[in-house]
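Listed here are the chains, written in short residue letters.
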Amino acid sequence: MMPERLLAASAELAQAPHFPAAGGVGAISGAEHQPMANAIRALAMDAVEEAKCGHPGLPMGAADIATVLFTRFLKFDAADPAWPDRDRFVLSAGHGSMLLYALLHLLGYEKMKLGEIKRFRQLGSLTPGHPEYGHTPGVETTTGPLGQGLANAVGMAIAERHLAALYGNDIVDHRTYVLASDGDLMEGISQEAIALAGHLKLSKLVVLFDDNGISIDGPLMLADSVDQVRRFEAAGWAARRIDGHDPAAIAAALEAAKESERPSLIACRTTIGFGAPNKAGSEKSHGSPLGGEEVAAARQELGWSAPPFEIPPQIRDAWRAAGERGRPMRLAWVERIAALDAQTRVELERRLRGELPQAKLAAAVRAVKEKLAEAPQDIATRAASQFALESLTTVLPEMVGGSADLTGSNNTRTKSMKAMSAADYSGRFIHYGVREHGMAAAMNGMALHGGIIPYAGTFLVFSDYCRPAIRLAALMRQRVIHVMTHDSIGLGEDGPTHQPVEHLAALRAIPNLRVFRPCDTVETIECWQLALEAPGGPSVLALTRQNVPQLRQGFAAENRCAFGAYELSGAEGGAAAVSLFASGSEVAIAVGAQRLLAECNVFARVVSVPCFELLLAAPAAQRAAVIGNAKLKIAVEAGVRQGWDAIIGAEGIFIGMTGFGASAPYKELYRHFGITPEKVAEAALGRLG
């Protein structure tokens, strides 16, 4: 927070009205509750009816839960949706988006005008079909793919506990609430998420389960008979069942959750489409408009006489008061921030803004490159990554690492990092266990929370487990860094189940994701720098298990990987007849082929391609200069060809994989699949005649 905002906030505090604190004190009466909840139901019915599509059932069924939570417990200020110490509310059941949009409008969020509600699901509106982070103020994360929001919330709760351990509860003290559906809890990611949360005893995490017993196909019993309360209890949660339409029961459960030393599940038995006399309690109210006649009947059933999209003034005023209830808390927090010593305040504000200490980062990168210039290292790029992290994590305390039970293989833990645990949340390394999907989604939540740059490792082949969360990180433009080692057949004997073949191409297909595949130690630190300096999207570092030579000799301050591709070794003796393009461990193979071709008086150049995305985003003239005009273009990568034609063209030669790998020592595998300097040179000579 900038100093001028601190001054403004102090003046605002002096003039602020005094509203009841969060919790039961000053709670709305039962007579007030029902019309306030019905306002949510009415807006949801009307918006879905206007759009002729959408999901009215969940907002109508969960309106009582949301009303109690937002009017009595949730700590927030509608005037400042980005207040860092606000409670987070995650609508994991994103299909019920009108619940959240109705709340944002009723509470007085500036951007959520009534016109946006009327434009539900229309192009350019702030009310898309599923909530989208960064698009709609007040939306904490993009949800819709079920289970993701729940796992994001685990990451948010981790971030809150970690920062509180560092800065104290006076500065960081908020809760994370989730509204989850039965679909969220059926998705496999939910088990990964709740197990991790229970293990870490994330007591400020509360999941409100909209237990309505209905799925798209019909009654939930058609497909599921899990006792969710016992399931959560087995994972280390406090869990209880309540009537989700009883405001007193909801409030009592939320009060109990505040006192729990464990994360809490509140299974709220609700009626989907509550108030619709003919469609409530059935799948007919789940994912389609109720229809004009049913909406009219629901209005009569609920005692709601206001015309479509109109909220009676008394009800609107009550909601607006709820939206202002947290303002004194926010302004008091601003004063506590102002009272911090200057060094602590500046560092915290930098972290919350997501800004890097550029001078320190640049110095750390330079120091690593200078060491490598003085003493080159022929090591695996996974080891080079750990070498880089030893310096990077020292100057970037916001980096919180982890691994999916592959710490010794991924090399993501530095010597100084202590593990985070329920006994000590200040640790900067998280043992995620064998939970790749939950890990990736939790990292999204940590990034969304702010104050942390999350990174963690697994094998590249297991990016398949992470992919839904990686895609959402790209969509939300979150800086999340995935360290994915064992990146090719070069991992050797573990065989085709563990050897990624199509994975680089599949990841490169995700918009706004940068996939880095460095060829040596120098490129590895440069790629790390680029990933850290990319706040607008996630990155993947694909790293080798096997040792590779350090091809970059000497010192150069410039980050050559920033162009996406660059000429590593120029043609000597004349104009290049062949351009050899490669990434990662295959760059050394291309360099070997260059030497063999030189012996045959064929001049070739080698272009390292650590990042397709940066190369293809470069200006056309720069891209053309890097690709060059050699007669023959050859790409070498131990993966499938897909994507390489953008560089070598359809007529270019590709040396790589066309099927799955095999189990054998890695050098033997490279020979078996024809990915060798000799085969590259042979292909070039054969084409040149």
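Bear in mind the structure is a predicted one, so any value in this text is a computation, not a measurement. (Residues numbered from 1 in each chain as written. Predicted model: local features only at pLDDT ≥ 70, side-chain atom pairs only at ≥ 80, totals over all residues. Heavy atoms only, no water.)

Enquirer: Which residues make up the overall build of the protein, and what values do they have?
Expert: Scanning the protein from N- to C-terminus turns up 27 helices and 18 strands. The C-alpha atoms of the protein give a radius of gyration of 28 Å, which matches the 26 Å a tight globule of 689 residues would have. For the protein, the C-alpha atoms occupy an extent of roughly 90 × 55 × 50 Å along the three principal directions. Across the 689 residues in the protein, those meeting the buried criterion constitute 59%. Contacts in the protein between residues at least 24 apart in sequence constitute 78% of all its contacts with a sequence separation of at least 6. Element-wise, carbon and sulfur atoms account for 52% of the exposed surface of the protein, whose accessible area totals about 25500 Å². (Helix = DSSP H or I, 4+ residues; strand = E, 2+ residues; numbered from the N terminus. Rg over C-alpha atoms; globule rule 2.2 N^0.38 Å. Buried < 20%, exposed > 50% of the residue type's maximum accessible area, 1.4 Å probe, protein only. Contact = heavy atoms within 4.5 Å. Areas by Shrake-Rupley, 256 points an atom, 1.4 Å probe, with all protein chains shown as cover.)

Enquirer: Can you tell me about unusual backbone geometry, naming the residues and giving the values?
Expert: Backbone geometry places Arg-121, a non-glycine residue, at a positive phi of 70°. Note that Arg-121 resides in the loop between α5 (114-118) and α6 (148-167). You will see that Asp-405, though not glycine, has its phi angle at about 65°, which is positive.

Enquirer: Help me get a handle on the sheet that holds strand β8 (residues 399-403), residues and values and all.
Expert: Pairing in this open sheet of 6 strands is parallel, and the strands run β9-β8-β10-β11-β13-β12 from one edge to the other. Either end of the sheet is taken by a strand with one partner, and the two such strands are β9 (429-431) and β12 (514-516). The mean angle between the axes of side-by-side strands here comes to 20°, regardless of whether they run parallel or antiparallel. Packed onto the sheet, helix α16 (residues 381-395) meets β8, β10 (453-459) and β11 (481-485) and runs at close to 150° relative to β8. (Pairing = 2+ DSSP bridges. Axes fitted to C-alpha atoms, helices over the stretch in contact; angles between N-to-C directions.)

Enquirer: Go over the sheet that holds strand β16 (residues 604-608) with me, naming the residues and quoting the values.
Expert: With mixed pairing, 5 strands are arranged side by side in an open sheet as β14-β16-β15-β17-β18. The two strands at the open ends of the sheet, each matched to only one other strand, are β14 (566-569) and β18 (653-655). Between one strand axis and the next, the sheet turns by 30° as a mean value, whatever way the strands run. Where strand β15 (residues 578-582) and strand β17 (residues 632-636) come together, 5 bridges link them in parallel fashion. What sits directly across from Leu-580, in β17, is Ile-634. The sheet strands contacting helix α22 (residues 586-599) are β14, β15, β16 and β17, and the helix crosses β16 at an angle near 175°. Across the face of the sheet, helix α27 (residues 677-688) comes into contact with β15, β17 and β18 while running at roughly 160° to β17.

Enquirer: Give me the confidence of the model for the protein: which residues, what numbers.
Expert: Averaged over all residues, the pLDDT of the protein is 95; the fraction at 70 or higher stands at 96%. Across the protein, strand β3 (residues 205-211) holds the top mean pLDDT of 99, while helix α1 (residues 3-15) sits lowest at 42. Across residues 1-26, where pLDDT falls below 50, the model places 42 contacts with residues more than four positions away in sequence or in other chains. (pLDDT = per-residue confidence, 0-100.)

Enquirer: Kindly report on the state of the cysteines, identifying the contributing residues and their values.
Expert: This structure, assessed with the given rule, holds 0 disulfides. Of all cysteine sulfurs in the structure, the one in Cys-561 sits closest to Cys-527, which takes part in no disulfide; the separation is 4.1 Å. In this structure Cys-527 comes out as buried when scored by relative accessible area, which is 0%. (Disulfide = S-S within 2.5 Å.)

Enquirer: An account of the pattern of salt bridges is needed here, citing residue identities and associated values.
Expert: Counting across every chain of the model gives 26 salt bridges. Here Asp-487 ties to Arg-517 by a salt bridge, and the two come within 2.9 Å at their closest N and O atoms. One end of the pair, Asp-487, is in the loop between β11 and α20 (503-508); the other, Arg-517, is in the loop between β12 and α21 (521-532), and 30 residues separate them in sequence. Take Arg-517: its relative accessible area is 0%, and that puts it in the buried class. (Salt bridge = Lys/Arg side-chain N within 4 Å of Asp/Glu carboxyl O.)

Enquirer: For α21, give the residues involved together with the corresponding values.
Expert: Counted at 1.5 Å a residue, the expected span for α21 with its 12 residues is 16 Å, and the 17 Å between its end C-alpha atoms agrees. Among the 12 residues of α21, 12 are classified as buried, and the element is accordingly described as predominantly covered. Inspection of α21 places Thr-521, Val-522, Glu-523, Thr-524, Ile-525, Glu-526, Cys-527, Trp-528, Gln-529, Leu-530, Ala-531 and Leu-532 among the buried residues, and these make up the whole buried set. Looking at where α21 begins, the residue whose side-chain oxygen comes 3.2 Å from the main-chain nitrogen of Val-522 is Asp-520. (Expected span 1.5 Å × (residues − 1). Polar contact = N/O pair within 3.5 Å; in protein donor to acceptor, adjacent residues only side chain to side chain.)

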